[in-house]
Amino acid sequence: MCGIIGCNGVESAVPVLINGLKKMEYRGYDSSGIAVLCKGKTVTEKKKGRVAALVKELERKANSEAQIGIGHTRWATHGEPSDENAHPHQSGKFTLVHNGIIENHTKLKEQYLKLTAMKSGTDTEVAVHLLNRFCSDSCLEAIAHTAKQLEGSFAFAVMYEDEPEKLFCVRQASPLVVGLGEGTFAASDTAAISENIHTLYRMNDGEIAVLEKDRISFYDFELNRITKTPDVFEKSSYTADKGSCEHFMLKEIYEQPEAIRRTVEAYLNENGFDLGLKPAKPERIFIVACGSAYHAGLVGRRVFETLAKIPVSVETASEFRYSEPLVNEETPVIIISQSGETADSLAALREAKKRGAKTLSIVNVKESTIASESDFVLLTRAGPEIAVATTKAYGAQLSALYLLGIYFAESFGTADKNELEEMKKALNDLHKSVSAALNCEEQIKEIAHRLKGIDRAYFIGRGAGFAAASEGSLKLKEISYIHCEAYAAGEMKHGTISLIEKDTTVIAMNTQTALAHKLQSNIDEVRSRGARVIAVTSADSKINADETITLPEVHPLFAVSTQIVPLQLLSYHIARLRGCDIDKPRNLAKSVTVE
Ligand code: G6P
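Starting from 1, residues in each chain are numbered consecutively following that chain's sequence as written. Confidence filtering applies because this is a predicted model: local features only for residues at pLDDT of at least 70, side-chain atom pairs given and counted only at 80 or more, and all residues used for totals across whole chains, interfaces and linings. In computing side-chain properties, one takes all heavy atoms of the structure into account and sets aside hydrogens as well as water.

*Asks:* How would you summarise unusual backbone geometry if you had to cite specific residues and measurements?
*Replies:* For the peptide bond that leads from His 87 to Pro 88, omega is 0°, which places it in the cis range. Here Pro 88 shows up in the loop between β4 (68–74) and β5 (89–91). Positive phi outside glycine occurs at Leu 223, with the angle close to 70°. Throughout, exposure labels follow a simple rule: accessible area from a 1.4 Å probe, protein chains only, divided by the maximum for the residue type, with under 20% read as buried, over 50% as exposed, and the rest as partly exposed. According to the relative accessible area criterion, Leu 223 is partly exposed, its value standing at 29%. For helices the rule is a DSSP run of H or I covering at least 4 residues; for strands it is a run of E covering at least 2, with both sets numbered from the N terminus onward.

*Asks:* Explain the sheet that holds strand β19 (residues 333–337) residue by residue, including any values.
*Replies:* Strand order in this open sheet of 5 strands is β18-β17-β19-β20-β21, and the pairing throughout is parallel. At either margin of the open sheet sits one strand with a lone partner, and together these are β18 (312–316) and β21 (376–379). Put simply, the sheet's adjacent strands are angled 20° from each other on average, direction ignored. Of the pairings in the sheet, the one linking strand β17 (residues 285–289) to β19 comprises 4 bridges and is parallel in character. Paired with Ile 287 across the two strands is Ile 334, which belongs to β19. Contacts were defined at the residue level, with two residues in contact if any of their heavy atoms lie within 4.5 Å. Axis geometry follows a simple rule: fit a line to the C-alpha atoms, using only the stretch in contact for helices, then measure angles between N-to-C directions, giving values from 0 to 180 degrees. Its contacts with the sheet place helix α8 (residues 291–308) against β17, β18 and β19, and it is angled at close to 175° to β18. Set on the sheet, helix α10 (residues 343–354) makes contact with β17, β19 and β20 (359–363); between it and β19 the angle comes to about 165°. Criterion used throughout: strands pair if DSSP finds at least two bridges between them.

*Asks:* Can you break down helix α14 (residues 430–437) residue by residue, with the values?
*Replies:* Within α14 the residues assigned to the buried category are Leu 430, His 431, Ser 433, Val 434 and Ala 437. Along the axis of α14, the buried positions cluster into a sector of 160°, meaning they face one direction only. At its buried positions, α14 is contacted by α7 (256–267), α12 (392–412), α13 (417–428), β26 (547–551) and α18 (559–577). The arc under discussion is defined with respect to the helix axis, by the directions toward the C-beta atoms.

*Asks:* Can you explain the environment of Pro 384? Please cite residues and give values.
*Replies:* With respect to the helices and strands, the residue Pro 384 is situated in the loop between β21 and α12. Overall, Pro 384 belongs to the partly exposed group, its relative accessible area being 36%.

*Asks:* Run through the site of the ligand, naming residues and quoting values.
*Replies:* Around the ligand, the structure places 13 residues, and the nearest of them are Ser 292, Ser 337, Gln 338, Ser 339 and Thr 342. Polar contacts, as used here, are pairs of N or O atoms within 3.5 Å; protein pairs need one atom able to donate a hydrogen and one able to accept it. Residues neighboring in sequence count only if both atoms are side-chain atoms. Contact distances for the ligand include 3.0 Å between an oxygen atom and a backbone N or O atom of Ser 292. In the environment of the ligand, an oxygen atom lies 3.4 Å from a nitrogen or oxygen atom belonging to the backbone of Val 388. Taken by itself the ligand offers 390 Å² of open surface, and the protein chains cover 89% of this. Residues are classed as near a molecule or strand on a simple rule: at least one heavy atom within 4 Å of it. Residue exposure ignores everything except the shown protein chains as possible cover, and the areas themselves are Shrake-Rupley values with a 1.4 Å probe.

*Asks:* Explain the environment of Glu 45 to me, and be specific about the residues and the numbers.
*Replies:* Its location among the elements puts Glu 45 in strand β3 (residues 41–48). Residues contacting Glu 45, with those up to four places away along its chain left out, are Gly 33, Ile 34, Leu 54, Glu 57, Leu 58 and Lys 61.

*Asks:* So, the sheet that holds strand β6 (residues 94–102): which residues are in play, and what are the values?
*Replies:* Strand pairing in a sheet is mediated by backbone hydrogen bonds. Such pairs are either parallel or antiparallel. Taken in spatial order, the 7 strands of this open sheet run β5-β6-β7-β8-β12-β13-β14, and their pairing is antiparallel. Each edge of the open sheet is held by one strand with a lone partner, namely β5 and β14 (225–226). As paired elements, β5 and β6 share 3 bridges and run antiparallel to each other. Residue pairing in the sheet places His 89 in a bridge with Leu 96 of β6.

Everything listed is a geometric property; what it means functionally is a separate question.
Encoded structure:
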């Protein structure tokens, strides 16, 4: 992951870089650093830990008047989080920041840099030494030559002391945008520079940008000039404001109803659907995603199969991309991604396109690479999500999948028309039920007090309930570090039930009213072995457990949307009571742009 930033021709580079890094901390927070050119000399400051640690360090130093600089926030891939491994890295007159992985760094070191002493344990350092080695007098030529030697993914911002009026940027398989404003700017994410620019260019793979004070020139790796047209760009509404909430995660859980309302209203109004999509009924659909987006996909499968009667395969992108997927012109592929930049999901999209499939992406970031490369985009309207653990974006992804499911059923004539009309009404009102579900927070706080000391938990459910269980389990483990597992309720008895002891916590998701009695048997099985079971259910479906969280009645197809709310809140409150860093859990990053 990592976030990189650069600026040139600004009044003062340091605050611009720091401001941008703060906005990209979601990309990794193992270390951060900046380098500026002051009177043609490189001045670097880098520090293990958060951007706040770097800011503290900078405050102790004299303020720099530099007008050009680069910055980095790191998610460690090669080399532990440390001051030495923090970017920028320097070699001779070159300084560089990198997002991505240079996969052939060991080979390159043996081939070209046998006698060069490495100061860090990173893959990145090889690149900056290569620049130094290959440079005769033109930085641009050195960059093009270096880029052609590298395998893997990289977005670089580079400064060179002998060309102090230029900032160089390169993109190959890692996100990078550049823009013009009062100066020129580059970043991994538009949000980091959106307040500085009026014109934005998305860089494509195999491109180099040279940023002077007031203009940007583009080249390919053969140094042919490229003419680019600016991207449509809306100023980001990003604020680092938690409102009255202690953490972004809680604020975002509370923003979930609005995210759902906006997503649904964007595509469904009183005249019906406004999707601009004319689907023919396919033989099969693939849904591909990572993390929570994959869990949303599992819910999507239930919805599509139930309503549109199409078989659906749901795959994690990291598996799909190397699995020789049975995808062709006849099998549309749906990619789900909040960021639209997840490396595995992007690679899966490209693999699907290569095989001739039509691609549809459900994405939250309009300017993202996945959105720009998909044949059709269904934008979720969750707004910027800051907490690493996704909540409102996941909620919005579910609504997008419901929209598609109902739309497919209507287009293919695979469900009763009246029922579909009922569903549309229910979907328009879903945000209200999700809003009402938030009322369970006081009950959840009490449960969190009781559970804060547990060392493991099991989440069970059937059908969509299993998908909800999977997401609930991920939420709790990623922010509280409690070992959690999700199981299809009926599968427990085939092994995992041997782990149930007195007072083991089991959380049971009852999303399928028709299967409530089956889930009840599974609950009874674990309770009779000592488990304490908390059941999550809708008001219209009774379940016996040690404790029940009862949520407002909702159309059964959409039950995951309300039932996930108590699980998100429970994870939040348990993590808070355990003193965990909720918005930035250890070892994680929000946008995973490496394999
Ligand atoms: C990371 C995040 C998860 C997210 C996953 C996929 O692991 O921590 O919250 O679900 O990436 O991200 P995407 O942006 O593609 O939805």
